[in-house]
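Single-letter residue listing:
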Amino acid sequence: MPRVSVTPTLVRGTLFVALTIWCVFAIAPQVAAEEGAHRVKVRILVGTATMTATLEDNTTARDFAKRLPLTLTLRDFGEAEKVSDALPVRLSVEGAPATDAGAAGDIAYYAPWRNIAFYRGRGPDAAGVVRIGRISSGEEVLNQPGLLQVTITRTE
């Protein structure tokens with residue numbers, strides 16, 4: 001049987017591998033459990049109708065969630081959107097993509113106007129659009145023409 005020489009380098013290498021394996025199995029499940037931890041569920045009341053949505057896990061959505069509950073008046077903006085008046089404060093857009101285009105069911109913050117957009121169709125790719133949420137039910141209420149008053153609250 002060949003004789004194996006145990007050197008300090010071999011010991012350090014073995015310890016490094018063991019520690020790496022431990023980190024993967026001890027820390028990875030915790031990180032996976034925390035993913036989505038900032039995804040806030042919201043209820044959006046429109047008269048007697050209700051929409052539900054989940055906010056994204058990004059800086060802008062978290063900043064928006066801090067301001068809930070919030071009542072907004074939405075107006076038609078083209079065929080694809082209902083938009084609010086300007087929010088009283090700017091939301092953080094740190095880490096947000098430079099441009100985005102909303103799709104039906106998206107909720108977005110439009111940084112240049114400080115307003116919230118609810119998409120009922122595909123929007124144009126525009127600088128300053130930051131997706132902050134996704135409607136999961138009741139989005140057909142957005143098809144009503146004219147002004148809509150909405151109240152957005154956390155469900156959690």
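For the structure itself, look to the data block above.
Residues numbered from 1 in each chain as written. Predicted model: local features only at pLDDT ≥ 70, side-chain atom pairs only at ≥ 80, totals over all residues. Heavy atoms only, no water.

Asks: Any chance you could explain unusual backbone geometry here in plain terms?
Replies: Put simply, Leu-68 and Pro-69 share a cis peptide bond, and its omega is 5°. Following the sequence through the fold, Pro-69 ends up in the loop between α2 (59-66) and β3 (70-77). Positive phi values are uncommon outside glycine, yet Arg-114 reaches one of about 60°. Along the chain, Arg-114 turns up in the loop between β6 (106-110) and β7 (115-119). (Helix = DSSP H or I, 4+ residues; strand = E, 2+ residues; numbered from the N terminus.)

Asks: What's the story with the environment of Ile-107 in this structure? I'm lost.
Replies: Within the element layout of this structure, Ile-107 appears in strand β6. Between the alpha carbons of Ile-107 and Ala-53 there is a distance of 8.7 Å; along the sequence they are 54 residues apart. Not counting residues up to four positions away in its chain, the partners in contact with Ile-107 are Ile-44, Ala-53, Ile-116, Ala-117, Phe-118, Val-130, Arg-131, Ile-132, Gly-133 and Ile-135. (Contact = heavy atoms within 4.5 Å.)

Asks: How should the sheet that holds strand β10 (residues 148-154) be read in this particular structure?
Replies: Within a sheet, neighbouring strands are paired by backbone hydrogen bonds and run either parallel or antiparallel to one another. Taken together, 8 strands build a closed barrel; the order of strands is β1-β2-β9-β6-β7-β4-β3-β10 and the barrel is antiparallel. Ignoring which end each strand starts from, the neighbouring axes of this sheet average 35° apart. Inspection of the sheet shows β3 paired to strand β4 (residues 81-84) by 4 bridges, in the antiparallel sense. Residue pairing across strands places Leu-74 opposite Ser-84, the latter belonging to β4. The sheet strands contacting α2 are β2 (49-55), β3, β6, β7, β9 (129-137) and β10, and the helix crosses β9 at an angle near 65°. (Pairing = 2+ DSSP bridges. Axes fitted to C-alpha atoms, helices over the stretch in contact; angles between N-to-C directions.)

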